[in-house]
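A structural walkthrough
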Amino acid sequence: MSGTDTEPQLATMLEQRKARRAMPPYIPQRDADVAKLLQSFFDREKTGSEVRDVARIGGGASKEQFMFTLARSGEETRYVLRMDALEGITETSREREFEILKAFHGVVPVPEPIWLDADAQHFPTPAIIMEFVDGVTKPETEGVSVTGLGTVLGDPLRGMLADQYFVNLAAIHNFDWANAELEHFTAPNSDPKQATRWLINFWKGLLEQDAVTREPVLRLATQWLEDNIPDCDKLCVVHGDYRTGNYLFEEETGKVTAILDWEMSYIGDFHADLGWLLQPVFGSRIDGVFRASDIAPPDEMIARYEAASGNAVDPAKLHYFTVFNAWKSYILVSALGMRAARTAHNHQDVLLTFLAATGPLFVDELARLLMMEESQ
Amino acid sequence: MNPSVNDRLNSVLRALETVVLPALPERASLAREQVMLSIGHIQIIQAQMDATPAFEHEEMDDIRAMGRAILEAADAPSACANEAARLKEALDQTHSTPRETTDAIREQIDDLLIAARQSSEVAYHEALSRIILPLGRERARKDREWFAVMGFDIELSGG
């Protein structure tokens, strides 16, 4: 199969993003302008509504997000507007995000998506509006961290969240996607390697478009990933960014209220999610104990996932996706993030250049993993 | 007396911390985050400033050492001869900044890896890999140490 074999929707995205590269710097949206845009949107979509209390939501390194209240006939409902910047740390589709949230509404806790402006017909860039869900991504004691990395849940929250963490991930991976309305996702079914080949080709395409420097270890990793694609025995929905920091919970009860950040989801091999959530950068090390997602040490994470899902984890495939996720992480922070900052195409350039300092972590990890391969 | 770079950055920090940040309303979350990140960036730049030229020179020296090791380790097969010759040229050139030189050498090593794989020169590709991975890892460890002050590295930042 050729190196351009990619999920059709993602191949289109790779082409479309080239046209944005030459655009002038992106100016972040202002609350007052967003309020006007929302009001005119609802004047058409839900006449008699009044938009109130528009306020930006902090955090995140890819999308502009605003919370607002919609008042109509004496009722008030809170929503979140999520809009693309010109470029960001990820390259994703609001259409796919809308669809996957719709598909999982009622399956696991997610914010219900309500409106979609996929082609920026009304908003300046593609946007979705979803229900607002109460909750926090980290305990209040964690203080101010704008990078979203290294969240420590601590006790007793860790224990209160752990079961839900695995039950929800199992529900995602065991979801009957074939009978869901996922028009903008394509099932990779030509051969058992196609799912992961699509994935590699998409991320390699992003790397080639956005790399600000060429890193020999990354090249070796790319070649290794292309040469060692494992068969995928069970196609499932892969969340793509499942980890602590990407779900909301009630701090007092420890109840998970919403799983967030589905924008990188696709149909593929569940080992990809495990390789992602086990990464050191998303975990904690307290008194010498590493806990992935600050939930549990890696062996316990795998055992609990297997028990919750019934999916047997293949160590060789997990190793492959450990390499893949270090490679993908480098591409996110050191290629897409740095390129977006250099072209001034994001609203958080200063965050993107901060996060890019994690790049050497992933180069080190890739070199270590590939040296392990060589020694075998 | 001319104000030093450090004096000037300190004054910028003080303005951000004591004037700009307190003036921003709590609801201006993006603006507040950006100011806090800017303060963090400047503090780290200050901490690294004096050592930066030496760091970038060492980075250049390390990639030069990798390039030389590649050329010395094995003769390039004919399918990769052009790329190997270009790497040798890049090693002999000095650009206006160490970073430009580093990037130019990296590019030629990358081209050599592509050529070795495309031409199915398996043994040569393995020889390249045996050199690049340990040296690349050694370099990445130095980069991690350099950026440990940013706090995301749970191994090196004491997190």
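Parameters and conventions
- Residues numbered from 1 in each chain as written.
- Chains lettered and ligands numbered in written order.
- Predicted model: local features only at pLDDT ≥ 70, side-chain atom pairs only at ≥ 80, totals over all residues.
- Heavy atoms only, no water.
- Disulfide = S-S within 2.5 Å.
- Buried < 20%, exposed > 50% of the residue type's maximum accessible area, 1.4 Å probe, protein only.
- Salt bridge = Lys/Arg side-chain N within 4 Å of Asp/Glu carboxyl O.
- Helix = DSSP H or I, 4+ residues; strand = E, 2+ residues; numbered from the N terminus.
- Core = buried A, V, L, I, M, F, W, Y, C linked by side-chain atoms within 4.5 Å.
- Contact = heavy atoms within 4.5 Å.
- 1 Å grid on protein atoms, 1.4 Å probe; cavity = no way out; pocket = protein on both sides within 12 Å on 5 of 7 lines; lining within 4 Å.
- Points joined across faces, edges and corners; volume = space filled by probe spheres on them.
- Nonpolar A, V, L, I, M, F, W, Y, C, P; charged D, E, K, R; others polar.
- Patch = residues over 30% accessible without salt bridge, like charges linked within 9 Å, V, L, I, M, F, W, Y side chains within 5 Å.
- Areas by Shrake-Rupley, 256 points an atom, 1.4 Å probe, with all protein chains shown as cover.
- Lys, Arg positive; Asp, Glu negative; His and termini not counted.
- Charge placed at Lys NZ, Arg CZ, Asp CG, Glu CD.
- Axes fitted to C-alpha atoms, helices over the stretch in contact; angles between N-to-C directions.
- Left-handed = near helix turned anticlockwise from the far one by under 90°.

1. A short note on the state of the cysteines
A covalent bond between the sulfur atoms of two cysteines is referred to as a disulfide. Residues and elements named next belong to chain A. What the rule picks out here adds up to zero disulfides over all chains. In this model Cys232 remains outside any disulfide bridge; the closest cysteine sulfur is found in Cys236, 6.6 Å from its own. Looking at Cys232, the relative accessible area reads 10%, which means it is buried.

2. A look at the pattern of salt bridges
All names here are of chain A. Tallied over the entire structure, the rule returns 55 salt bridges over all chains. For the salt bridge of Arg78 with Asp134, the shortest nitrogen-to-oxygen distance reads 3.5 Å. Of this pair, Arg78 sits in strand 3 (residues 75–84) while Asp134 sits in the loop between strand 5 (127–131) and helix 4 (157–173), and the two are 56 residues apart along the sequence. Since its relative accessible area comes to 37%, Arg78 is described here as partly exposed. Through salt bridges with shared partners, a single network forms among Lys63, Arg82, Asp84, Arg94, Glu97, Asp261 and Glu263.

3. What about the environment of Trp203 of chain A?
Residues and elements named next belong to chain A. Along the chain, the position of Trp203 falls in helix 5 (residues 194–210). Residue Trp203 is classed as buried on the basis of its relative accessible area, which comes to 4%. Counting along the chain gives 121 residues from Trp203 to Phe324, while the straight-line C-alpha distance between them is 9.8 Å.

4. Quick look at the nonpolar core
Counting residues in hydrophobic clusters, the biggest one holds 77 residues, and the most contacted among them are Trp203 and Trp327 of chain A together with Ile70 and Ile132 of chain B. Apart from the residues within four sequence positions on either side, Ile132 of chain B is in contact with Pro216, Val217 and Leu220 of chain A together with Met66, Ile70, Ile109, Leu113 and Arg137 of chain B. Val80, Leu169, Phe249 and Val313 of chain A belong to the second-largest nonpolar core, a separate cluster that totals 45 residues.

5. Points about the layout of surface pockets
Approximately 1,100 Å³ is the volume attributed to the second largest pocket. Lining the second largest pocket are 38 residues; nearest its centre among them are Ala356 of chain A together with Phe55, Glu59, Arg99 and Phe147 of chain B. For the lining of the second largest pocket, the elements supplying multiple residues, two or more each, are helix 9 (315–342) and helix 11 (359–375) of chain A together with helix 2 (29–49), helix 3 (52–73), helix 5 (98–118) and helix 6 (122–147) of chain B. Partitioned by chemical class, the residues of the lining of the second largest pocket number 18 nonpolar, nine polar and eleven charged.

6. Some thoughts on a negative patch on the surface
Taken together, Glu140, Glu250, Glu251 and Glu252 of chain A make up a surface patch of like negative charges. Mapping Glu251 of chain A onto the fold places it in the loop between strand 7 (247–249) and strand 8 (256–259).

7. Regarding the packing of helix 5 of chain B against helix 6 of chain B
All names here are of chain B. Between helix 5 and helix 6, whose axes approach to 9 Å, the crossing angle comes to 150°. Note on packing geometry: the crossing formed by helix 5 with helix 6 is left-handed. Where helix 5 abuts helix 6, its residues Ile109, Leu112, Leu113, Ala116 and Arg117 lie against Tyr124, His125, Leu128 and Ile132. Taken together, the residues of the contact of helix 5 with helix 6 break down into seven nonpolar, one polar and one charged.

8. Side note on empty space enclosed by the protein
Residues and elements named next belong to chain A. Applying the stated criterion to the full structure yields six cavities of 30 Å³ or more. Roughly 150 Å³ of volume is contained in the largest cavity. Around the largest cavity, the lining is made up of 16 residues, and of these Leu10, Glu91, Phe202, Glu263 and Met264 lie nearest the centre. Among the secondary structure elements, those contributing two or more residues to the lining of the largest cavity are helix 1 (8–20) and helix 5. Considering every element that reaches the lining of the largest cavity, the biggest residue donor is helix 5, with four residues. When its residues are assigned to classes, the lining of the largest cavity shows eight nonpolar, four polar and four charged.

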